[in-house]
Amino acid sequence: MGNDVLDALLSAFPLPTLAIDGTERIIAANTEALTLIGQQALGRNYVTMLRQPALLDAIEATLQDGQSRGTSYLGNDGAQDTTFRVSVRAVPGVGRNAAGAAILVFEDITHVEQASQMRRDFVANVSHELRTPLTALMGFIETLRGPARNDAAAAERFLNIMQDEAERMNRLVGDLMSLNRVEGDERVRPTEAVVLNDILDSTLRTLRSLAEEAGVTFEREFNGDPVHIMADADQLKQVFTNLIENAIKYGGSGGRVTVRVTTSGREPALRAPGVRVQIVDYGPGIDPVHLPRITERFYRADDHRSRALGGTGLGLAIVKHIINRHRGRLRVESTLGEGATFTVVLPMHENLR
């Protein structure tokens, strides 16, 4: 087989593919392979172009014994590290003196590796979040069985702390189950016609006592015109409960929380009719450095304060998935010392009445 035919065959492969013959030269490569390992690779020694020991060993062994092998190749596309699964196969009758060559096919498995890393990180985070209250509970139980066995005052104090830690674990388990449900439903579009105003009014009624305890008043900036949308009413109430509750807890020093609703015949974020619900607090705000990651699981802008207020670090992740299910958008804006604004953008169905 001539190099022209080999070039034509490799150019038809959708994956990065190259050929190395017994002279240890790269004798053919498609465009995808040249983009991956370098445009100057043709005719060069494969050792100088690939450089990764596991891959070099696999190529050398296949050129010697003709057996197929698999290995990995690590790269970088300029934006992130990439991982490829490489299949090394021997092809007879190719290369110099038709002595045969090794064909390498690179399959991008970066997304698989990232998913595996996310799972590992998730398990590590859950373990860490549970270990802290469990360690506290075990320590207090040991103390109550020992030095504080007959100390009624200490026992009462310890039992209150143990109850708080148990409730914290219960909230975490509840949020984990909720996150699992919303992730499972994310691709299923809601089919229930609801009135957004009713959901917001119900949420504000539910949180009124919490606001009063914190010395916070609600500013309700939406008129009586009903806003009709297709949605899961329970999930949307969960979204607004989380956002308004956060505004009370973290921005309550501002003394007020504004809930503002505006509609548009063409919402730029959706390129369709939409409604914006803005939850505005006037507290200390969020450092802009945290905003890109604020909806990640277990990410906390203020870790100590969040734990003290009973946060699990999953609330905004749940919010994000619910809004995604509704084909909406979540925007977060904040300036230190001037409060924060969480904006939920949802598609609006004007033909629903």
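Residues numbered from 1 in each chain as written. Predicted model: local features only at pLDDT ≥ 70, side-chain atom pairs only at ≥ 80, totals over all residues. Heavy atoms only, no water.

J.: Hey, could you run me through the packing of helix 7 (residues 196-214) against helix 8 (residues 233-251) in this one?
T.: In the contact formed by helix 7 and helix 8, the axes pass within 9 Å of each other and the chain directions differ by 30°. The angle between helix 7 and helix 8 places the two elements in the roughly parallel class. Considering how the two elements wind past one another, helix 7 and helix 8 form a crossing that is right-handed. On helix 8, the residues that touch Leu196, Ile199, Leu200, Ser202, Thr203, Leu204, Thr206, Leu207, Leu210, Ala211 and Ala214 of helix 7 are Ala233, Leu236, Lys237, Phe240, Thr241, Ile244, Glu245 and Ile248. (Axes fitted to C-alpha atoms, helices over the stretch in contact; angles between N-to-C directions. Helix = DSSP H or I, 4+ residues; strand = E, 2+ residues; numbered from the N terminus. Parallel < 35°, antiparallel > 145°, perpendicular 65-115°, else oblique. Left-handed = near helix turned anticlockwise from the far one by under 90°. Contact = heavy atoms within 4.5 Å.)

J.: It is not clear to me how the packing of aromatic side chains should be interpreted in this structure. Could you clarify?
T.: Two descriptors summarise a pair of aromatic rings, namely the distance from one centre to the other and the angle between the planes of the rings. The final tally for this structure, using the stated rule, is four aromatic pairs. Relative to Phe84, the ring of Tyr73 lies with its centre 6.5 Å away and its plane at 55°, an arrangement referred to as tilted. Taken together, the residues Tyr73 in strand 3 (residues 69-76) and Phe84 in strand 4 (residues 81-91) connect sequence positions eleven residues apart. With centroids separated by 6.3 Å and ring planes inclined at 80°, the aromatic side chains of Phe84 and Phe106 adopt a geometry described as edge-to-face. With Phe84 in strand 4 and Phe106 in strand 5 (residues 101-108), this residue pair connects regions lying 22 residues apart in the sequence. Under the relative-accessibility criterion, Phe84 is labelled buried at 7%. One aromatic cluster is present, built from ring pairs that chain together Tyr73, Phe84 and Phe106. For Arg256, the ring lying beneath its charged end belongs to Tyr282, and the centroid distance is 3.6 Å. (Phe/Tyr/Trp six-rings, centres within 6.5 Å; stacked < 30°, edge-to-face > 60°. Buried < 20%, exposed > 50% of the residue type's maximum accessible area, 1.4 Å probe, protein only. Lys NZ or Arg CZ within 6 Å of the ring centre and 35° of its normal.)

J.: Would you mind going over the pattern of salt bridges with me for this structure?
T.: Tallying each qualifying case throughout the model produces eleven salt bridges. The shortest N-O distance in the salt bridge between Asp65 and Arg69 comes to 2.7 Å. Taking the relative accessible area as the measure of exposure, Arg69 reaches 24% and is therefore partly exposed. Measuring nitrogen to oxygen at the nearest pair gives 2.9 Å for the salt bridge that ties Arg276 to Glu267. (Salt bridge = Lys/Arg side-chain N within 4 Å of Asp/Glu carboxyl O.)

J.: Looking at this model, I keep getting lost on the environment of Ala19. Mind explaining?
T.: Here Ala19 is to be found in strand 1 (residues 17-21). With relative accessibility at 0%, the residue Ala19 sits in the buried group. In sequence terms Ala19 and Tyr73 are 54 residues apart; their C-alpha atoms lie 16 Å from each other.

J.: So what exactly am I meant to see when it comes to the sheet that holds strand 5 here?
T.: Spatially, 2-1-5-4-3 is the arrangement adopted by the five strands of the open sheet, whose pairing is antiparallel. The open sheet is flanked by strand 2 (26-29) and strand 3, the only strands paired with a single partner. Each strand of the sheet is rotated relative to its neighbour by a mean of 25°, with strand direction disregarded. Its contacts with the sheet put helix 4 (residues 53-65) on strand 1, strand 3, strand 4 and strand 5, and the angle it makes with strand 3 is roughly 145°. Running at roughly 130° to strand 4, helix 5 (residues 110-145) makes contact with strand 4 and strand 5 of the sheet. (Pairing = 2+ DSSP bridges.)

So far we have only geometry, and geometry alone does not tell us how the molecule works.
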